[in-house]
Amino acid sequence: MRRLGGVMAVVLSVAVMWALLLRPAGEESSSDLHLEVPEGEKLIALTFDDGPHPQHTAVLLDGLQARGAKATFFLVGCQVELAPELVGRMAAEGHQIGVHTLDHVQVNGLARAEFDRQVEGLRRALYPLVGERELWLRPPYGIMDDNTLRWADGPVVLWSVDPEDWRDGNTQRVVEHIVARVRDGDIVLLHDIYPQSVQAALQVVDCLQNQGWRFVTVEQLLQLKGRAGEAGQVYRCVR
């Protein structure tokens, strides 16, 4: 998707209807929730890039809902066009939504107009689905420059644990990588466009919940650690 055109507008109008139907009455956004951390509970934020995928993201959302786990999704414009109803569902179920550019392009070195098209253009496309809320940026490949921080108009989210789930599709390896390395306050990078990654994520939730971990959004992680997400600041983990 190079530009938001008539097809996207029609897709979004249909998705708005689905989002309204999916949103429970009185549903609060993740930023509205009053959260407390029980003594000894450890926190982790799972994040998913490059979606939504029409099939795999739906399976992931089902699994997260069944487990009472929250996550953060950094969306790509062309994927939103394929499954806009899932974006509304993410918002309705209390997940955090961020932007990963319209076309999954590196944002370093972009002229201001193109940066705004890639980042703010996607935000404007998402507002009808999720309401006008802060949509934090994750730059593709984690690559950025000083202008990225100046123009982001919000926090920039990277990660502290990366199992490279795109590399070999090995679910067990991804699970073992995360479980062996994760510490309280970590932000984990995954991709919901791969079925093996979805299964790995749900296995990680099962394993770590049994050990007393709580799965939260990045925004919630900051809140629970007594931090506020600041524009132009980079967050890799929250200790």
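Now for a quick tour of the structure. Predicted model only: the values in this text are computed from it and were never measured. (Residues numbered from 1 in each chain as written. Predicted model: local features only at pLDDT ≥ 70, side-chain atom pairs only at ≥ 80, totals over all residues. Heavy atoms only, no water.)

Right, let's talk about the pairing of strand β1 (residues 42–51) for a bit. Looking along a regular strand, one sees the side chains alternate between the two faces of the sheet. Counting buried positions along β1 yields 9 of 10 residues, so the element is predominantly enclosed. Here 6 bridges tie β1 to strand β5 (residues 186–191), and the two strands are oriented parallel to one another. Bridging from a neighbouring strand, L46 pairs with V188 of β5. (Buried < 20%, exposed > 50% of the residue type's maximum accessible area, 1.4 Å probe, protein only. Helix = DSSP H or I, 4+ residues; strand = E, 2+ residues; numbered from the N terminus. Pairing = 2+ DSSP bridges.)

Here the focus is the environment of R112. Tracing the backbone through its elements, the reader meets R112 in helix α5 (residues 112–130). Since its relative accessible area comes to 41%, R112 is described here as partly exposed. As for R112 and N147, which are separated by 35 residues in sequence, their C-alpha atoms are 8.4 Å apart.

So, on to the side chain of E93. If you trace the backbone, E93 turns up in the loop between α4 (84–92) and β3 (96–99). At a separation of 2.7 Å, a polar atom in the side chain of E93 contacts the side chain of R89. (Polar contact = N/O pair within 3.5 Å; in protein donor to acceptor, adjacent residues only side chain to side chain.)

Another point: the packing of helix α7 (residues 171–181) against helix α8 (residues 195–209). Packing of α7 against α8 brings their axes to within 9 Å, and their N-to-C directions diverge by 40°. With respect to α8, the axis of α7 lies oblique. For the crossing formed where α7 meets α8, the hand is right-handed. Together, T171, Q172, V174, V175, I178 and V179 of α7 and Q196, Q199, A200, Q203, V204, C207 and L208 of α8 make up the contact between the two elements. (Axes fitted to C-alpha atoms, helices over the stretch in contact; angles between N-to-C directions. Parallel < 35°, antiparallel > 145°, perpendicular 65-115°, else oblique. Left-handed = near helix turned anticlockwise from the far one by under 90°. Contact = heavy atoms within 4.5 Å.)

Scanning the entire structure with this criterion turns up 13 salt bridges. The partner of R138 in a salt bridge is D49, and the shortest N-O contact between them spans 2.9 Å. Taken together, the residues R138 in the loop between α5 and α6 (146–151) and D49 in strand β1 connect sequence positions 89 residues apart. Assessed through its relative accessible area of 0%, R138 is described here as buried. You can call D49 buried: its relative accessible area is 3%. Salt-bridge contacts for R117 lead to E114; the nearest nitrogen and oxygen are separated by 3.1 Å. You can see R117 and its partner E114 sitting in helix α5, 3 residues apart, about one turn around the helix. By relative accessible area, which is 27% here, E114 ends up partly exposed. (Salt bridge = Lys/Arg side-chain N within 4 Å of Asp/Glu carboxyl O.)

Any link to function would need more than the numbers given here.
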